[in-house]
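Remarks on the overall topology
One letter stands for each residue in the lines below.
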Amino acid sequence: MVKLMEKLTHDIVIVGAGIAGLRAAIAAAETSSNLDIAVVSKVYPVRSHSVCAQGGTAAVLREGDSYDLHAWDTVKGSDFLADQDVVEFFVRKAPEEIIVLEHWGCPWSRTDDGKINQRPFGGHSFPRACFAADMTGFHEMHTLYGKAGEYGNIKFYDEWFVTSIIVENNIVAGLTAIELRTGRMQVFRAKAVIMATGGYARIYEFTTFSHTATGDGMAMAYRAGVPLKDMEFIQFHPTGMVPSGILITGGARGEGGYLINAKGERFMKHYAPEKMELAPRDIVSRAETTEIMEGRGIDGPYGAYIALDLRHLGEEKINERLPLIRDVAIKLSGVDPVKEPIPIRPAAHYSMGGIHANIKTETPVAGFYAAGECACHNVHGANRLGTNSTSDCLVFGAVAGEEAAKYALSNGFREIPQEKLAAEERRVFDEILGSEGDERVPIIRNEMRRIMSQRVWIFRKGDELQNALKEIRTLKERFKNIRVEDKGEAFNTGLVAALQLDFTLDLAEVTIASALARTESRGAHTRLDYPKRDDENWLKHTLAYYTKEGPRLEYIPVTITKWPPTARKY
Ligand SMILES: Cc1cc2nc3c(=O)[nH]c(=O)nc-3n(C[C@H](O)[C@H](O)[C@H](O)COP(=O)(O)OP(=O)(O)OC[C@H]3O[C@@H](n4cnc5c(N)ncnc54)[C@H](O)[C@@H]3O)c2cc1C
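Everything in this summary refers to the structure shown in the same document. (Residues numbered from 1 in each chain as written. Predicted model: local features only at pLDDT ≥ 70, side-chain atom pairs only at ≥ 80, totals over all residues. Heavy atoms only, no water.)

Things to note about the overall build of the protein chain
Looking only at helices and strands, the protein chain features 15 helices and 21 strands. The dimensions of the protein chain, computed from C-alpha atoms along their principal axes, are 65 × 55 × 50 Å. With 570 residues in all, the protein chain has 63% of them scored as buried. Taking all contacts inside the protein chain whose residues are at least 6 apart in sequence as the whole, residues at least 24 apart take part in 75%. For the protein chain, the computed accessible surface area is about 20,700 Å², with 50% contributed by carbon and sulfur atoms. On the protein chain, the mean spot of the 69 positive side-chain charges and the mean spot of the 76 negative ones are 2 Å from each other. (Helix = DSSP H or I, 4+ residues; strand = E, 2+ residues; numbered from the N terminus. Buried < 20%, exposed > 50% of the residue type's maximum accessible area, 1.4 Å probe, protein only. Contact = heavy atoms within 4.5 Å. Areas by Shrake-Rupley, 256 points an atom, 1.4 Å probe, with all protein chains shown as cover. Lys, Arg positive; Asp, Glu negative; His and termini not counted. Charge placed at Lys NZ, Arg CZ, Asp CG, Glu CD.)

Here you go:
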């Protein structure tokens, strides 16, 4: 079933049109109008997960706050696994991004005297979350998409699914993608490629993430020989709404919301007496899970839950600051937060890990860059602070665009070997679409999510992780026997789901292998059998390299500039 491929050529190809991808495209276009830039996205750009960001974007804008304070909060939040040189760079660049978005028309919420408003957020010791009501990502995305449309040298390929990147002699040469409308696979030649494909929280069942968050770019990079870093660190958000998992922004607690157990108690006083509900996410999620495990959850038709109580904020403030939250709580949980508490539980929310990239967003492959949630530049370490991700996407999206542009201006195109293309066509059209096996995508996918949710959740144990690894490897074997019912060409969503499942199985395996090896508890990674942080042996980043037998792990040191690790208390 091998099809003929057409060749498309662009100086820079950006995969992903979320905040990171769009910001990268603008930065590259601003660097030179001679560059020919393509943005490829499997969904229409403004349907990228970034539009779901609610709470805000962190940046130092006011007197009383400082770069050092933002950096310290981030480093402490990371449980000292962040590289401090990168964090110092990040906090200095973030305010520039808020201002540039302001100039491009982002409707930031305002104070009474007309300044950009900022609200408190978990783990930040100053109110530094800039926001646009509780639809921050939505407004940022529309601002960026509008701006990107002003450049004549950015071309969008919407609803194209990238299947692989092509690397020759450790230099990027291009990528393969399926145009979903026609089902045809085509090859893009590029001098530089930027991966900006977002996170992979959809390896879990109960998650705040869109169905599209399947980590495709991470898996493609991994298969092409680029290591994945710190993949054991998955963030669980304390307030996933029951039963859908839809996010209730941390901004709800930032505005003063309480977390209450079955005894009507604000239990956070036992876990983080100073910061209470505004402690970092790893600590609040563990506290909620402990309350539920010890029988103090509130019984409900979907299992025990915790109550997020906003009633004392009053209708006016809820309508002004949290209108989306009120709307989704009424529509999807049948609860009006003005009158009743919202049922919540921790939900898989973010990946601190991702494609190994440095402060300039460079990966070990020349011409290949990574930005946004799919990348790991070591800003968030073992636990990200709320509102630091959209800032990260803006800051490192811009860096990636500039760096890729410089690279593309001084390097040429590479030849793409025909046998690589033929192999990719065989994988997609013969081995997956053409397979006549009897396994089904939804069944294997649900099984993967069940394993990850039962054994690789907030509290982990060595024997459970061992079992999970075995079970995921069995699923990988079963996947070889897959059958996609729809053999058609136009918008074959069955094929897309199978390709995504194949990617997530690799990522689940890397996550478990990395978690099993790390015999300590740090940030979001909690091992019941190794409950303490172990700086002597584990103050280091995990790198996972692809091999046929499964990931091979290596380690690299953490960069400490000003803040030696201390006990982490809130
Ligand atoms: C509900 C929710 C609320 C959040 N709220 C906040 C917040 O308030 N503040 C904050 O800082 N962070 C927040 N986050 C986190 C933050 O929104 C994300 O980390 C960030 O938006 C990721 O952006 P991105 O540009 O990396 O990727 P995404 O926005 O996820 O975009 C990924 C892009 O890659 C494309 N893509 C993926 N795979 C392929 C493929 N195979 N082929 C072609 N294209 C592909 C997609 O089409 C898409 O365009 C939130 C996250 C969620 C889920």
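Some thoughts on the site of the ligand
Taken together, 39 residues lie near the ligand, and Ser48, His49, Ser50, Glu373 and Thr390 sit nearest. One nitrogen or oxygen atom from the main chain of Ala17 is found 2.8 Å from an oxygen atom belonging to the ligand. Within the backbone of Ala20, an N or O atom sits 3.0 Å from an oxygen atom of the ligand. Protein coverage of the free-state accessible area of the ligand, which is 1,000 Å², stands at 97%. The set of elements that each furnish at least two residues to the shell around the ligand consists of α1 (19-31), β2 (37-41), β7 (160-168), α5 (216-223), β14 (342-351) and α10 (388-410). Residue composition of the shell around the ligand, by class: 17 nonpolar, 18 polar and 4 charged. (Near = heavy atom within 4 Å. Polar contact = N/O pair within 3.5 Å; in protein donor to acceptor, adjacent residues only side chain to side chain. Nonpolar A, V, L, I, M, F, W, Y, C, P; charged D, E, K, R; others polar.)

Examining the packing of aromatic side chains
Applying the stated criterion across every chain yields a total of 16 aromatic pairs. Considering the side-chain rings of Tyr204 and Phe236, the 5.7 Å spacing of their centres and the 75° angle between planes classify their relative orientation as edge-to-face. In this pair, Tyr204 is assigned in the loop between β9 (184-195) and α5 and Phe236 in strand β11 (residues 234-241), connecting sequence segments 32 residues apart. With respect to burial, Tyr204 and Phe236 carry one shared label: buried. Considering the side-chain rings of Tyr204 and Trp457, the 5.4 Å spacing of their centres and the 65° angle between planes classify their relative orientation as edge-to-face. Of this pair, Tyr204 sits in the loop between β9 and α5 while Trp457 sits in the loop between α12 (441-455) and β18 (459-460), and the two are 253 residues apart along the sequence. (Phe/Tyr/Trp six-rings, centres within 6.5 Å; stacked < 30°, edge-to-face > 60°.)

Some points on helix α3 (residues 84-103)
The end-to-end C-alpha separation of α3 is 30 Å, in line with the 28 Å expected for 20 residues at 1.5 Å each. At Lys93, α3 shows its largest kink, close to 25°, and the proline Pro95 lies no more than four residues downstream. Along α3, the positions that sit buried rather than exposed are Gln84, Val86, Val87, Glu88, Phe90, Val91, Ala94, Pro95, Glu97, Ile98 and Leu101. (Expected span 1.5 Å × (residues − 1). Bend = angle between axes of the 7 residues up to and from the residue.)

Thoughts on the sheet that holds strand β5 (residues 129-130)
Spatially, the 3 strands line up as an open sheet ordered β3-β5-β4, and their pairing is antiparallel. A strand with exactly one partner marks an edge of an open sheet, and here the two such strands are β3 (57-58) and β4 (118-119). (Pairing = 2+ DSSP bridges.)

Observations regarding the nonpolar core
Counting 90 residues, the largest nonpolar core has Phe188, Met195, Tyr204, Ile355, Phe368, Met448 and Met452 as the members making the most contacts within it. With 14 residues, the top contributor of residues to this core is helix α14 (residues 493-517). By size, the runner-up hydrophobic cluster in this structure holds 55 residues, among which are Ile14, Ala17, Ile154 and Ala400. (Core = buried A, V, L, I, M, F, W, Y, C linked by side-chain atoms within 4.5 Å.)

With respect to the sheet that holds strand β20 (residues 540-545)
Spatial strand order, β17-β15-β10-β20-β21: 5 strands in an open sheet with mixed pairing. Edge positions in the open sheet fall to β17 (375-376) and β21 (552-557), since each of these has one partner strand only. As defined by bridge partners, strand β10 (residues 228-229) adjoins β20 across 2 bridges and the pair is classed as antiparallel. The residue bridging Leu228 from the neighbouring strand is Ala544, located in β20.

Re unusual backbone geometry
With an omega of 5°, the peptide bond between Val242 and Pro243 qualifies as cis. Inspection of the secondary structure puts Pro243 in the loop between β11 and α6 (251-254). One non-glycine residue, Met276, lies in positive phi territory at about 50°. Considering the arrangement of structural elements, one finds Met276 in the loop between β12 (258-260) and α7 (281-293). You can call Met276 buried: its relative accessible area is 16%.

Topic: the state of the cysteines
Across all of its chains, the model carries 0 disulfides by this definition. The thiol sulfur of Cys130 is not disulfide-bonded, and the nearest other cysteine sulfur, from Cys106, lies at 9.2 Å. Cys130 sits in the buried class, given a relative accessible area of 0%. Cys376 takes part in no disulfide bond, and the closest cysteine sulfur to it belongs to Cys374, at a distance of 11 Å. For Cys376, a relative accessible area of 4% corresponds to the buried category. (Disulfide = S-S within 2.5 Å.)

Re the side chain of Asn388
Here Asn388 is to be found in helix α10. Here the side chain of Asn388 touches Thr74 through a polar contact of 3.2 Å, side chain to side chain.

Considering the pattern of salt bridges
Under the criterion given, the structure shown has 54 salt bridges. Put simply, Glu436 and Arg483 hold a salt bridge, and the shortest N to O gap is 2.5 Å. Here Glu436, found in the loop between α11 (418-433) and α12, pairs with Arg483, found in the loop between α13 (462-479) and α14; they are 47 residues apart in sequence, far enough to count as distant. We classify Glu436 as exposed; its relative accessible area is 60%. The class for Arg483 is partly exposed, based on a relative accessible area of 24%. (Salt bridge = Lys/Arg side-chain N within 4 Å of Asp/Glu carboxyl O.)

Section: the pairing of β9
Across a regular strand the side chains alternate sides, sitting on one face of the sheet and then on the other. Counted residue by residue, β9 has 11 buried out of 12 residues, so it is predominantly covered. Across 9 bridges, strand β1 (residues 6-15) lies against β9 in parallel orientation. Paired with Thr9 across the two strands is Arg189, which belongs to β9. Of the strand pairs in this sheet, strand β8 (residues 171-179) and β9 are connected by 6 bridges, and their pairing is antiparallel. Its bridge partner being in β9, Ile178 is matched across the sheet by Met185. Hairpin remark: β8 followed by β9, antiparallel, with 4 residues in the connecting loop; positive phi at Gly183, about 80°.

Points about α14
The terminal C-alpha atoms of α14, which comprises 25 residues, lie 36 Å apart, in line with the 36 Å expected from a rise of 1.5 Å per residue. Of all 25 residues making up α14, 22 are buried, and the element is well covered by its neighbours.

Describing the packing of α11 against α14
The geometry of α11 relative to α14 is characterised by a closest axis approach of 11 Å and an angle of 100° between their N-to-C directions. Of the possible angle classes, the one that applies to α11 and α14 is roughly perpendicular. Counted together, Arg427, Val428, Ile432 and Leu433 of α11 and Leu495, Ala498, Leu499, Asp502 and Phe503 of α14 form the full contact between these two elements. For the contact of α11 with α14, a count of residues per class yields 7 nonpolar, no polar and 2 charged. (Axes fitted to C-alpha atoms, helices over the stretch in contact; angles between N-to-C directions. Parallel < 35°, antiparallel > 145°, perpendicular 65-115°, else oblique.)

Function-wise, these values are silent; they only describe arrangement.
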